[in-house]
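Working through the structure, step by step
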Amino acid sequence: MTKDFSIIGKRIAMVDAAGKTSGAGKYTDDLSLPGMLVGKILHSPYPHARMKRIDTTRAEKLDGVVAVATGKDAPNTYGILPVGHDERALAVDKVRYVGDNVACVAALDEATADRALELIDVEYELLPAYFDPEKAMKAETDLIHDNKPHNIEKDYHHVFGDPEKGFAEADHVAEARFIANEVTHAAMEPHSTLAALEIDSQTGKPGRLTVWSSTQVPYYLQHKLSLVLEMPMSQIRVIKPLVGGGFGGKSEVIPLEIIAAIAARKTRAPVKITYTREEVFWAHRGRPRTIIDLKTGVKNDGRITAVKARVVQDGGAYCSYGVVTILYSGALLGALYDIPNIQYDGYRVLTNKPACGAMRGHGTVNVRFAFESQLDELAAKLEVDPAVIRRRNLLQPPCVTINGLRVQSYGLPECIDRVVERSGWKHRKGKLTRGRGLGIACSHYVSGAANSIIRSDMPHSTVNIKIDRDGGVVVYTGAAEIGQGSDTMTAQIAAEVLGCSLSRVKVVAADTDLTPIDIGSYSSRVTFMAGNATLRAAEEVKKQIALAAAKKMNCAVEELVFRDDGVFNSKSINVGAGVPPVQAPGGDERGRSSPHRSQDQASVSGRVEGQILRGSLQQQRNEEGPKDFMTFEEAVVAAIDFHGALAGTGSYAPPPEARGGKFKGAGVGPSPAYSYSAQVAEVTVDEDTGEVIVHKVWAAHDCGRALNPVSVEGQIIGSVWMGMGQALTEEMVWKDGLLMNPGLLEYRSPSSVESPEVEPIIVESIDPEGPFGAKECSEGSLAATIPAIANAIYDAVGIRLREAPFTPERVLAALRAKKNAKLLDLTEGIDPTAPERFREHGGALWFKGKGPERHASDPARRTEQA
Amino acid sequence: MYLRPKTLNEAVDALVEPGAQVLAGGTDFYPALGERWISTPVVDITTIKEIKGIAREKNEFRIGGGTTWTEILRTPLPRCFDALKSAAREIGGVQIQNRGTVAGNLCNASPAADSVPPLLALDAQVELVSTSGLRRVPLAAFIVGNRKTLRTAGEILTAVIVPHAVENASSAFLKLGARRYLVISIAMVAAVVAVDERRRVHDARIAVGSCSVRAQRLSALEPALIGAPVGAGLGAIAMPEHLEPLTPIDDVRGTAAYRHDTALTLVRRALDLCAGSC
Ligand SMILES: Cc1cc2nc3c(=O)[nH]c(=O)nc-3n(C[C@H](O)[C@H](O)[C@H](O)COP(=O)(O)OP(=O)(O)OC[C@H]3O[C@@H](n4cnc5c(N)ncnc54)[C@H](O)[C@@H]3O)c2cc1C
């Protein structure tokens with residue numbers, strides 16, 4: 001299938017791998033500027049309080065402190081969603097969670113900044129706080145935000161078809177409550193921002209602002225900075241250095257990004273703020289704790305007749321992406337299978353905890369866990385094979401789902417078949433030794449949102465390409481490489497279209513002064529949208545080259561073929577059979593086609609030392625006159641001579657047909673294309689301790705076309721691994737709004753030792769609108785892992801786990817309950833009543849001394865002072 | 001003040017400074033600081049040779065307080081130390097094992113300190129040295145509570161002393177955590193079982209950690225095992241009532257009920273492991 005391509009579909013090492021693996025690559029915290037100050041933030045020690053007074057004079061007087069910024073310095077509100085402008089970089093009147101941002105010290109060094117934090121006097125008036133969304137929803141007074149009655153950020157009530165009739169027609173109905181506890185991204189790189197203000201050379205006043213930040217969304221950051229600082233966007237430059245993982249945690253503006261800029265403006269010096277690991281946990285924006293009351297009806301043959309879901313999300317203190325999250329939970333409930341009747345009631349609730357936001361698989365993961373678990377239960381009840389019940393409910397694409405989502409390519413059936421085959425499902429399921437089991441589940445995800453979160457008609461991605469006289473190709477893209485391979489994908493697409501080697505292509509990305517607008521790396525949109533924009537930009541420059549080359553070669557533009565670093569006349573040369581000998585063309589093992597003579601001249605970034613080379617080639621051409629073939633450089637030079645410069649622009653906006661229905665909330669869910677996944681997990685359960693071991697996961701993913709299979713496999717494996725963390729060990733544990741495990745020792749992501757063997761299986765449905773048929777591959781797999789493990793546990797020991805993560809004690813409690821033995825009362829989850837016990841390793845100590853007193857109701861904090 | 005003395009004498013002299021703290025591998029010391037900066041004098045004992053290494057002496061084994069977990073793992077030792085070695089292998093990860101020391105683990109006295117159950121089961125004593133001399137204290141008495149020991153401010157834990165008595169006994173250590181490595185124990189158990197020539201238990205020591213403010217020997221279970229034939233079923237002798245002295249708590253790692261329940265499972269399994277290797 002990929003034999004027509006020279007770079008697409010090949011296993012290619014990431015173009016930025018060398019810098020990352022050698023340590024030469026620069027992340028934001030690696031940067032420094034002359035005269036740079038260190039910024040440190042004072043956080044709220046209370047979950048909900050009015051700030052009556054803030055006095056920074058003692059801190060300001062401390063030697064080495066340059067300035068202390070407070071809410072007064074930039075009081076404008078902002079938020080990632082236009083409907084959710086409820087945050088301030090630094091609080092002015094109220095704090096809403098333990099960790100909320102109160103003030104920022106900019107000092108000569110970190111120790112001084114830390115000491116100064118303790119000298120800031122804040123007088124708080126404590127307010128009743130809400131930690132449980134179901135209680136918060138009933139509140140009448142002391143609201144977290146005055147304009148949100150009952151602390152409900154947003155609720156939606158959608159009905160498609162006739163659910164009541166659907167349930168009436170069902171032969172079996174299952175109904176249960178599922179809970180997925182709160183998880184966070186835990187990206188390796190903590191958030192970091194460096195902000196510097198130039199002094200205007202004419203007026204001597206502060207001029208342009210440059211911000212280097214660890215972000216997935218440089219353009220949104222530029223936009224919010226402009227809003228809060230009241231500076232025109234043209235005066236703000238956002239640059240994204242290397243980013244060490246985002247997973248959604250950097251897909252919106254995080255307070256430190258604005259605070260650093262406020263401090264830089266106030267001090268007129270560069271200021272860098274890097275969060276500690278604990279601060280990263282408080283900044284959060286992870287996946288909300290979600291309560292799902294789910295009801296599903298099926299016919300005896302397994303056909304689904306209706307689904308009803310009531311979803312409550314514990315969103316934390318600010319809106320963040322919350323409105324989108326709660327809508328995704330409903331919209332994507334109905335787009336994996338053919339469900340004729342759906343009722344969805346979604347509530348996004350505010351509580352006095354750090355805000356939840358977007359996290360890998362945004363909005364879909366927890367609901368998918370519930371749905372796939374319930375489907376498994378129904379299959380068991382009907383005595384239908386769980387793989388078969390899924391096959392009986394497939395969509396028939398091309399189609400539009402009942403909630404208005406257009407589906408064109410649909411590799412789900414093949415995904416199911418492949419994991420069934422590879423796992424030996426048919427002869428192994430239900431027949432393994434005691435305590436060992438297999439489970440299957442499916443999932444899907446958008447390839448970018450068809451409607452952008454900002455209300456604007458501009459394209460979602462725009463890309464510029466410029467080609468130099470020596471054949472060096474520079475691609476300018478706003479797409480943010482965050483480790484997912486965006487730069488590599490961009491280089492691959494440009495090189496494939498232009499028929500040049502990958503080493504010629506240099507990607508300049510995510511610098512708002514240089515690169516056109518791209519709305520960022522989230523919702524798995526980059527390959528589909530920025531990829532399409534790159535493809536179009538490359539086609540545009542290619543057209544210009546072709547025009548000039550055709551003139552030189554005395555042939556029609558249509559007759560030209562670009563590949564292997566040359567332009568061929570397809571009539572005279574059988575391109576497929578081989579290339580003229582001078583070319584010594586390539587496509588080596590790793591898919592880098594090697595242009596003649598450029599092997600040692602090309603650098604990783606793709607620049608070709610071309611001066612001498614070009615001179616000699618030109619000479620050759622002049623001597624030999626018109627011919628059937630030109631090298632890429634020759635063709636480029638001809639085009640530049642002809643057009644004056646060689647540049648092209650391409651952009652992508654989702655087509656109107658993909659943009660969904662018209663009802664309230666219809667904007668979230670639609671995507672130009674959806675990815676599909678099916679997984680089988682094999683686990684063992686220790687029936688005496690409740691420990692679960694995942695041995696192997698077979699994970700099939702329909703990514704349309706794998707532009708770079710090794711990268712797709714990496715994303716599938718990473719998704720499974722992250723899903724397994726949420727399934728088994730990861731959980732944010734709270735006590736009165738205080739996070740009990742704000743560190744990587746007690747927030748337990750699986751380590752390499754726990755990682756099962758993952759067999760990634762790529763399914764290619766070739767989407768009609770994706771670049772070369774590609775769709776997303778970075779998020780969709782995650783959601784299947786959790787229910788696949790839950791269903792495997794059921795197969796192994798016959799218990800149905802409805803609360804994630806399936807910690808040893810929840811598993812043991814379920815086993816005990818099943819055996820009707822000693823029943824452990826664990827339904828409310830873990831209640832850590834003695835927090836001082838886990839202070840020992842990076843526990844909740846970080847704000848110690850930074851607030852005037854402890855949160856009075858927490859006994860742990862009282863004893864600590866003793 | 002930061003000092004890195006080369007000898008024990010210099011170190012104890014330096015510790016006379018009021019508020020001075022001992023720094024060994026730092027793997028408990030620094031996390032305990034949280035975000036605070038060091039505000040006390042620090043005596044770094046990592047370069048003192050006298051308190052490192054393991055020696056077999058006439059009546060006892062002597063494990064230097066400054067011995068790291070990696071060093072313990074790499075030293076050939078009699079079977080009764082198998083449990084201690086298993087604990088060493090599961091303390092943090094390899095980096096932590098390279099830095100962390102025996103004395104640090106004992107002086108920090110976390111209820112979840114993994115080396116305490118194996119050393120309790122070996123009837124270990126600790127040796128403490130200060131400017132006023134040397135004293136020995138049984139480990140069972142040394143740790144008095146959660147992060148509380150009998151160590152006085154001027155004392156350095158120079159060695160852990162293990163009698164030869166059960167040298168050839170088999171031993172086992174089991175740790176339950178929510179992750180294989182880099183995890184603090186929800187519960188852990190060490191067992192040492194010695195058999196006579198009739199293959200009956202003549203000495204048994206079982207200690208449980210993370211299930212009370214300090215790890216404990218199960219004094220009701222130990223005598224119940226004496227005389228039992230060694231083989232499959234040894235573990236089944238352990239009954240819930242043998243674990244009654246445990247007082248586990250609810251915390252971020254697990255609930256009290258879960259700890260109680262699984263401690264019994266671990267005790268049974270540890271005994272069966274010992275029986276299997278007798
Ligand atoms: C990521 C991580 C994972 C961990 N995992 C585990 C685990 O799984 N199991 C476990 O039990 N522990 C674990 N720990 C805790 C720690 O590694 C061990 O307790 C280790 O043995 C401590 O030794 P240290 O030399 O680093 O002690 P330090 O941190 O240097 O000292 C600890 C305390 O003991 C005192 N001290 C040290 N040596 C002496 C001495 N010779 N005389 C007197 N006082 C002394 C110090 O003053 C300090 O109060 C972990 C720690 C981390 C950071």
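This one's a predicted model, so the numbers in the text were calculated from it and none came from an experiment. (Residues numbered from 1 in each chain as written. Chains lettered and ligands numbered in written order. Predicted model: local features only at pLDDT ≥ 70, side-chain atom pairs only at ≥ 80, totals over all residues.)

Let's shift gears to the overall build of chain A. Counting its secondary structure elements, chain A contains 21 helices and 31 strands. Burial analysis of chain A (866 residues in total) assigns 62% to the buried set. If you take every contact in chain A between residues at least 6 apart in sequence, the share linking residues at least 24 apart comes to 80%. (Helix = DSSP H or I, 4+ residues; strand = E, 2+ residues; numbered from the N terminus. Buried ≥ 20, exposed ≤ 12 C-beta atoms within 10 Å, placed from the backbone. Contact = placed C-beta atoms within 7 Å.)

Below, the discussion takes up the nonpolar core. Residues and elements named next belong to chain A. One finds I259, A494, I789 and I793 to be the most contacted residues of the largest nonpolar core, which totals 266 residues. Here this core gets 14 residues from one element, more than from any other, and that element is helix α15 (residues 526–553). The residues touching A494, leaving out its near neighbours within four places in the chain, are I465, V473, V475, V505, T534 and A538. (Core = buried A, V, L, I, M, F, W, Y, C linked by C-beta atoms within 7 Å.)

All names here are of chain A. Taking 1.5 Å of rise per residue, the 18 residues of helix α10 (residues 365–382) would be expected to cover 26 Å, and the 26 Å separating its terminal C-alpha atoms lies within 8% of that figure. Most of α10 is tucked away: 14 of the 18 residues are buried. Following α10 by one or two positions, E383 has its phi on the positive side, about 55°. (Expected span 1.5 Å × (residues − 1).)

To continue, consider the packing of helix α6 (residues 218–229) of chain A against helix α7 (residues 255–267) of chain A. Residues and elements named next belong to chain A. Two elements in contact, α6 and α7, have axes separated by 10 Å at closest approach and are oriented at 50°. In terms of orientation, α6 lies oblique with respect to α7. Considering how the two elements wind past one another, α6 and α7 form a crossing that is right-handed. Only E257, I258, A261 and R265 of α7 make contact with α6, whose side of the interface consists of L221, K224, L225, V228 and L229. For the contact of α6 with α7, a count of residues per class yields six nonpolar, no polar and three charged. (Axes fitted to C-alpha atoms, helices over the stretch in contact; angles between N-to-C directions. Parallel < 35°, antiparallel > 145°, perpendicular 65-115°, else oblique. Left-handed = near helix turned anticlockwise from the far one by under 90°. Nonpolar A, V, L, I, M, F, W, Y, C, P; charged D, E, K, R; others polar.)

In this section: the environment of G472(A). Considering the arrangement of structural elements, one finds G472(A) in the loop between β19 (461–467) and β20 (473–477). On the basis of neighbour count, G472(A) is assigned to the buried category, with 23 C-beta atoms found within 10 Å.

Around the ligand, the surrounding shell holds 33 residues, and the nearest of these are A24(B), G25(B), G92(B), G100(B) and G104(B). Two or more chains meet at the ligand, and those chains are chains A and B. Of all the elements in the fold, those that place two or more residues in the shell around the ligand are β2 (21–23), α2 (29–33), α5 (94–99), α6 (102–108) and β10 (156–163) of chain B. Examining the composition of the shell around the ligand, we find that five residues originate from one element, α6(B), more than from any other. Residues belonging to the shell around the ligand are distributed by class as follows: 16 nonpolar, twelve polar and five charged. (Near = placed C-beta within 6 Å.)

Negative phi values dominate among residues other than glycine, just as trans dominates among peptide bonds. Residue and element names in this part refer to chain A. Of note, the bond from P397 into P398 is cis; its omega dihedral lies within 30 degrees of zero at 0°. Summarising the element assignment, P398 is placed in the loop between α11 (386–391) and β16 (399–400). Across the junction of A804 and P805, the peptide omega takes the value 0°, indicating a cis bond. Of note, P805 is situated in the loop between β31 (803–804) and α20 (808–818). Even without being a glycine, H150 presents a positive backbone phi close to 55°. Considering the arrangement of structural elements, one finds H150 in the loop between α4 (133–136) and β7 (152–160). Of note, the phi angle at I766 is positive, near 45°, even though the residue is not glycine.

Time to look at the sheet that holds strand β18 (residues 436–446) of chain A. Residues and elements named next belong to chain A. Ordered in space as β18-β26-β27-β30, the four strands form an open sheet in which the pairing is mixed. Every interior strand has two partners, whereas the edge strands, β18 and β30 (757–763), have only one. Ignoring which end each strand starts from, the neighbouring axes of this sheet average 15° apart. Relative to strand β26 (residues 674–685), β18 runs antiparallel, the two being bridged by eleven bridges. Bridging from a neighbouring strand, A441 pairs with Q679 of β26. Against the sheet, helix α18 (residues 709–728) contacts β27 (692–702) and β30, and its axis sits at roughly 130° relative to β30. (Pairing = 2+ DSSP bridges.)

Residues and elements named next belong to chain B. Among the seven residues in strand β11 (residues 170–176), seven count as buried, and that is most of the element. Across seven bridges, the pairing between β11 and strand β12 (residues 187–195) is antiparallel. Across the sheet, the residue bridging to L176 is A187, located in β12.

All right, on to the sheet that holds β11(B) then. Residues and elements named next belong to chain B. The strand order across the open sheet formed by four strands is β11-β12-β13-β14, and the pairing between neighbours is antiparallel. Only two strands of the sheet have a single neighbouring strand rather than two, namely β11 and β14 (216–217). Pairing of strand β13 (residues 201–209) with β14 involves two bridges; the strand directions are antiparallel. By the bridge assignment for β14, A207 is matched with R217. Along the sheet, helix α4 (residues 82–90) contacts β11 and β12; its crossing angle with β11, the most-contacted strand, is approximately 25°. Packed onto the sheet, helix α10 (residues 256–276) meets β11, β12 and β13 and runs at close to 30° relative to β12.

Below, the discussion takes up the domain arrangement of chain A. Residue and element names in this part refer to chain A. Looking at the assigned domains, one finds that chain A contains domain 1 (36–127 + 185–283) and domain 2 (460–652). On the side of domain 2, 15 residues touch domain 1, which itself brings 17 residues to the contact. Within the residue set of the side of domain 1 that touches domain 2, elements represented by two or more residues are α6 and β11 (236–239). Broken down by element, the side of domain 1 that touches domain 2 gets its largest block of residues, four residues, from α6. (Domains from an automatic or database assignment.)

All names here are of chain A. Its 16 residues place the ends of helix α19 (residues 782–797) 24 Å apart at the C-alpha level, agreeing with the 22 Å of an ideal helix rising 1.5 Å per residue. Burial analysis of α19 places 16 of its 16 residues in the buried class, which makes it a mostly covered element. One or two positions beyond α19, positive phi appears at G798, with a value near 75°.

With that settled, the discussion passes to the packing of α10(A) against α19(A). All names here are of chain A. One can describe the packing of α10 onto α19 by two numbers: an axis separation of 8 Å at closest approach and a directional angle of 35°. For the crossing formed where α10 meets α19, the hand is right-handed. Of the residues in α19, those in contact with V365, R368, F369, E372, S373 and D376 of α10 are L782, A783, I786, P787, A790, N791 and Y794. Here the residues of the contact of α10 with α19 sort into eight nonpolar, two polar and three charged.

Our focus in this paragraph is the pairing of strand β5 (residues 60–64) of chain B. Residue and element names in this part refer to chain B. Across three bridges, strand β4 (residues 54–56) lies against β5 in antiparallel orientation. Residue pairing in the sheet places R56 in a bridge with F61 of β5. Across five bridges, the pairing between β5 and β10 is antiparallel. Pairing of G64 across the sheet is with A159, part of β10.

Moving on: the confidence of the model for chain A. Residues and elements named next belong to chain A. Mean pLDDT over chain A stands at 90; residues scoring 70 or higher make up 88%. Confidence over residues 577–621 falls short of pLDDT 50; this stretch has 75 contacts with residues more than four positions distant or in other chains. Low confidence marks residues 821–866, where pLDDT is under 50. Its contacts with residues over four positions away, or in another chain, come to 90 contacts. (pLDDT = per-residue confidence, 0-100.)

Let us look at the environment of G66(B). Residues and elements named next belong to chain B. Among the structural elements, G66 can be located in the loop between β5 and α3 (69–74). For the pair G66 and V160, spaced 94 residues apart in sequence, the C-alpha separation works out to 10.0 Å. In this structure, G66 is in contact with A24, I45, T46, I48, I51, K52, T101 and A103, ignoring residues within four places of it in sequence.

Residues and elements named next belong to chain B. Inspection of the secondary structure assignment puts L8 in helix α1 (residues 8–14). Linking L8 and C80, residues 72 residues apart in sequence, is a C-alpha distance of 29 Å. Dropping the residues within four chain positions of it, L8 is found in contact with I48, E50, I51, V129, I156 and T158.

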